[in-house]
Amino acid sequence: MIEAFIFLAQQTAPAGQPQGPSFISFMPFILMFVGMYFFIIAPQRKKQKEHQKMIEGLKVGDNVMTNSGIYGAITSVKEDRFTIQIADNTKVDVNRQFVSSKADK
């Protein structure tokens, strides 16, 4: 079937006569975009929604891992950041988006 589209796209009309449908020449681009959407964009959006849901569910006492690989326990939840205790008497503020996952104890 694709060979038929390619064959029709390669046909040229004699001078002075209009060519066939021009959308056929855009068919490969349309198919590439659809493929990219289903293999790249849709899974990434799903992963992003799951991460946002996980961040919204975090609370004080949860153990987390940051994007830089630092493990700690959440001691305070603020509007735009978490305060994470990473050692005795050592607390750091981390932006919510930089918490990569919930860690097991």
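None of the values given here were measured: they were computed from a predicted structure.

Participant: Is there a simple way to explain the packing of aromatic side chains in this structure?
Facilitator: The geometry of an aromatic ring pair comes down to the distance between the two centres and the angle between the two planes. Under the defined criterion, the tally for this structure stands at one aromatic pair. Summarising the aromatic geometry, the rings of Y37 and F38 are spaced 5.4 Å apart at their centres and angled 85 degrees between planes, so their arrangement reads as edge-to-face. You can call Y37 partly exposed: its relative accessible area is 31%. Overall, F38 belongs to the exposed group, its relative accessible area being 56%.

Participant: Would you explain a nonpolar patch on the surface in this entry?
Facilitator: On the surface, a nonpolar cluster with roughly 1300 Å² of combined accessible area is contributed by F26, F29, I30, M32, F33, V34, M36, Y37, F38, F39, I40 and I41. Among the secondary structure elements, I40 is positioned in helix 2 (residues 23-56). Taking the relative accessible area as the measure of exposure, I40 reaches 53% and is therefore exposed.

Rules used in this analysis
Residues numbered from 1 in each chain as written. Predicted model: local features only at pLDDT ≥ 70, side-chain atom pairs only at ≥ 80, totals over all residues. Heavy atoms only, no water. Phe/Tyr/Trp six-rings, centres within 6.5 Å; stacked < 30°, edge-to-face > 60°. Buried < 20%, exposed > 50% of the residue type's maximum accessible area, 1.4 Å probe, protein only. Patch = residues over 30% accessible without salt bridge, like charges linked within 9 Å, V, L, I, M, F, W, Y side chains within 5 Å. Areas by Shrake-Rupley, 256 points an atom, 1.4 Å probe, with all protein chains shown as cover. Salt bridge = Lys/Arg side-chain N within 4 Å of Asp/Glu carboxyl O. Helix = DSSP H or I, 4+ residues; strand = E, 2+ residues; numbered from the N terminus.

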